2 protein chains.
Amino acid sequence: MDLTKATKAELEAQLSELNARYEGYKAQGLKLNMARGKPGADQLDACEGMLTAVKTSADTVYEGLDTRNYGTLEGIPACRKLFADLLQVPVEQVLAGGNSSLTFMYDTMDRLMLFGAAGVDEPWVKQDKVKFLCPVPGYDRHFAVCQQFGIEMINVPMDENGPDMDLVERLVAEDAAIKGIWCVPKFSNPTGVVYSDEVVRRFANLKPAAKDFRIFWDNAYIIHGITDETIEIPNIIEECAKAGNPDMVFEFCSTSKVSFPGAGVCAFAASPANVAWQLKYMNAQQIGPDKINQLRHVLFFKDLAGLKAHMEIHKKLLKPKFDAVIDTLEQNLAGTGAGSWSAPKGGYFISFDAMEGCAKRIQQLCKEAGIVMTGAGATYPYGKDPKDSNLRIAPSFPPIEELKLAMEVFCVCALKASCEKLLENK
Amino acid sequence: MDLTKATKAELEAQLSELNARYEGYKAQGLKLNMARGKPGADQLDACEGMLTAVKTSADTVYEGLDTRNYGTLEGIPACRKLFADLLQVPVEQVLAGGNSSLTFMYDTMDRLMLFGAAGVDEPWVKQDKVKFLCPVPGYDRHFAVCQQFGIEMINVPMDENGPDMDLVERLVAEDAAIKGIWCVPKFSNPTGVVYSDEVVRRFANLKPAAKDFRIFWDNAYIIHGITDETIEIPNIIEECAKAGNPDMVFEFCSTSKVSFPGAGVCAFAASPANVAWQLKYMNAQQIGPDKINQLRHVLFFKDLAGLKAHMEIHKKLLKPKFDAVIDTLEQNLAGTGAGSWSAPKGGYFISFDAMEGCAKRIQQLCKEAGIVMTGAGATYPYGKDPKDSNLRIAPSFPPIEELKLAMEVFCVCALKASCEKLLENK
């Protein structure tokens, strides 16, 4: 039934039935979690061999380097090479880091705040106002970085090709206080959108008023497809160089969702000037990354082909979970008007757009029934979704039977919230 | 011969002989390094078992926590417990971090710069001037942190009991721009000085004009004795709390010189308010430390007794190296007036005070003979040793035969530089 066209009596009948189902679920005392994009234990098990990739003291010496000792701020050469092949940039333009690209992003923003960009050297913290563009819905941890540094965030809508580039081009040209933008260009968090070639090239060709404008290109899901389709996007580092904007972009990626979320390795890629800038400031902060762990990754994955082969295992484990979520949504919500959802070809999330004004209520109902969701609003800067509509579903962590049950409950909550909302105006 | 009492002719004769010996060494084309406090490969080999302490997927789940996945910003409980026992503070007051206490120190300073201290919340970067006290000679990487943040450094002399506390007390009481001090309280870098109980308690009882004054207590060598003597210093966290200054100190330590320098784990300990402050800001920067590596440490060392037993192995490996350095200095320089040196009971360095105005020359002579030393001046803020006298000798890394040879060369360089210096005024 299309709830948006139902009469008051029909809605009341529906709600009464939904309430009964909802109370039934509540009585089960469920405890299920679809909140964070955590890989499942089965995905992590696939990397078991990495734990013993470096077994002996002799193993720790690789290409003449003792990975146990101090030094090598830029990461071990073989790990930089692995990331260089993945990102398709020269190895000199890649730094291999520790267990978190988020930390690399935060620290990069920190250096911009305190010391200013390469060749500009005007600390952002000394400026009246610093603003960042935030494509929405987006990644809550990106927004949290801006919020911590007091950077004002401006929402930019997304469509199926990426951010609204007319708006991006106009805003950055007009306002020199706009210093950057967050991007997840491939299987965007949470929509799964892949930026079109045109969008990527328009990014590379931006003409910002701020000479220290920086694109934070978080290529978190670069090899995280869940279909058999080969999906590639243009190389932003190369495109920026071609466009005469070599220093405008910082690219980040990690193996957090390839090897181990807490014990992976990450990378930063940028122009030679930006790499030199990064190293200069890193030198006072760091003794170098955990090189033994970088070596574990090199020995376990061997090369780019090894990385990609490993992701085939993840694909096989994740695809049924995404399918389960989408099938459950289809079966329960299609044609009801209670919401729409993305059907991504990769990444970690399904983005659900509820009937306006219902997202918080759905999250609350889920919570009371023992289903933990990412907070409504989390996909928007300051946690403020202007339509109170978007919810992020993370299908990777729960075992599939739990996931199906959680999604059944979620659908009942979405329908119930929609009926309640529609009845408010009847 | 006491060079300071020699005649011009005697000095010329000495120098001529020294030049011959020096040229002899130069001709050997040596390549030896006494620059950094890097553990020797034999010390690292002693930790080989840690590499396979976590072998299987099942091993990674410890006390109900899957150490492979995201989360646990404060570090895994068992690792916090290990550090809590080491530092003798409640486990709630300890955070277990990644592979570098230097990074933890830098990040802590960064948060003071950008956000201000707990309960004060006045960013240091917004203030006209921020100053730090730096006991000298000291650790170059501490000074590099201040220099990067534009913090003005003020030298404070050290004696055999620690920093000159009369001066410290007076300066912090007089000048509200003085926001902190660097301390290596046990086996200080580079002198090996152990702060006396009185010095520690005077630190805890400081009455700084700045309400956000902070002691950076880098307890880097807490279990790094090289004699059989048991050396303990008062617990600064406890002493500060007793003195009514619970928030005045941040304590740091790491296993960089216990397990692996590049792949160890570190800790931050402080008052409950400071721990909450640290976590609040860490939350935007980090996904949590490498928990698998923390677990490796827990399983390999087991407990504080295990840590200490492991350090007995280091002691046996390091003591002969320290002895070799000191014996060579004794044999070649005692009574010559060419310098004096520390005879530390622990830590990683021997501090050498050359005849005034000779340190740079000695380092240069060593370099030309193929011996890399820590840069003269490095033990002072801004690399400026007012007397051009102090040199830091790091005996841990070279094999003992190389070390002995390097020290022979060093002594010839010290004598040669002294003769040259004395002849300038004859």
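First things first, this report covers the structure right here in the doc. These numbers were taken from a predicted model, which means no experiment stands behind them.

## What about the relation of the copies chain A and chain B?
Note on the copies: chain A fits chain B at an RMSD of 0.0 Å, the axial shift is 0.0 Å, and the rotation between them is 180 degrees. Given the turn and translation reported, the copies of this chain are related as if by a two-fold rotation axis. Among all C-alpha atoms of chain A, that of T52(A) lies closest to the rotation axis, at 3.1 Å. Comparing interface residues between copies, 100% of those in chain A also sit at the interface in chain B, which points to an isologous, same-surface contact.

## Focus: the pattern of salt bridges
Residue and element names in this part refer to chain B. In the structure shown here, the tally under the stated rule is 46 salt bridges over all chains. R202 is the salt-bridge partner of E169, the closest N and O atoms lying 2.8 Å from each other. Here R202 lies in helix α8 (residues 197–204) and E169 lies in helix α7 (residues 165–174), a separation of 33 residues in the sequence. Since its relative accessible area comes to 29%, E169 is described here as partly exposed. What makes R202 partly exposed here is its relative accessible area of 21%. Between K315 and D228 there is a salt bridge, and its shortest N-O distance comes to 3.5 Å. Of this pair, K315 sits in helix α12 (residues 304–333) while D228 sits in the loop between β9 (214–218) and α9 (236–242), and the two are 87 residues apart along the sequence.

## What about the nonpolar core?
One finds F203(A), I215(A), W217(A), F203(B), I215(B) and W217(B) to be the most contacted residues of the largest nonpolar core, which totals 120 residues. When neighbours within four sequence positions are excluded, I215(A) is seen to be in contact with I181(A), C183(A), F203(A), L206(A), M248(A), V249(A) and F250(A). With 80 residues, the next largest nonpolar core counts V120(A), W182(A), L114(B) and V130(B) among its residues.

## With respect to the packing of aromatic side chains
Note on aromatic pairs: each is described by the distance of the centres and the angle between the planes. Here the structure, examined in full by the defined rule, presents 44 aromatic pairs over all chains. Here F104(A) and F268(A) contribute two aromatic rings whose centre-to-centre distance is 5.3 Å and whose plane-to-plane angle is 15 degrees, an arrangement assigned as stacked. Of this pair, F104(A) sits in helix α5 (residues 101–115) while F268(A) sits in strand β11 (residues 266–269); the two residues are 164 residues apart in sequence, bridging distant segments of the chain. Both residues of the pair, F104(A) and F268(A), count as buried. Summarising the aromatic geometry, the rings of F216(B) and F252(B) are spaced 5.8 Å apart at their centres and angled 20 degrees between planes, so their arrangement reads as stacked.

## Structural notes on the packing of α5(A) against helix α6 (residues 140–148) of chain A
Residues and elements named next belong to chain A. Interaxial distance between α5 and α6 falls to 11 Å at its minimum, and their mutual angle equals 25 degrees. If you check the angle between α5 and α6, you find them roughly parallel. Crossing hand, α5 versus α6: right-handed. Across the interface between the two elements, L102, M105, Y106 and M109 of α5 pack against R141, H142, V145, C146 and Q148 of α6. For the contact of α5 with α6, the per-class residue count stands at six nonpolar, two polar and one charged.

Rules and cut-offs
Residues numbered from 1 in each chain as written. Chains lettered and ligands numbered in written order. Predicted model: local features only at pLDDT ≥ 70, side-chain atom pairs only at ≥ 80, totals over all residues. Heavy atoms only, no water. Least-squares fit on C-alpha atoms with pLDDT ≥ 70 in both. Contact = heavy atoms within 4.5 Å. Salt bridge = Lys/Arg side-chain N within 4 Å of Asp/Glu carboxyl O. Helix = DSSP H or I, 4+ residues; strand = E, 2+ residues; numbered from the N terminus. Buried < 20%, exposed > 50% of the residue type's maximum accessible area, 1.4 Å probe, protein only. Core = buried A, V, L, I, M, F, W, Y, C linked by side-chain atoms within 4.5 Å. Phe/Tyr/Trp six-rings, centres within 6.5 Å; stacked < 30°, edge-to-face > 60°. Axes fitted to C-alpha atoms, helices over the stretch in contact; angles between N-to-C directions. Parallel < 35°, antiparallel > 145°, perpendicular 65-115°, else oblique. Left-handed = near helix turned anticlockwise from the far one by under 90°. Nonpolar A, V, L, I, M, F, W, Y, C, P; charged D, E, K, R; others polar.

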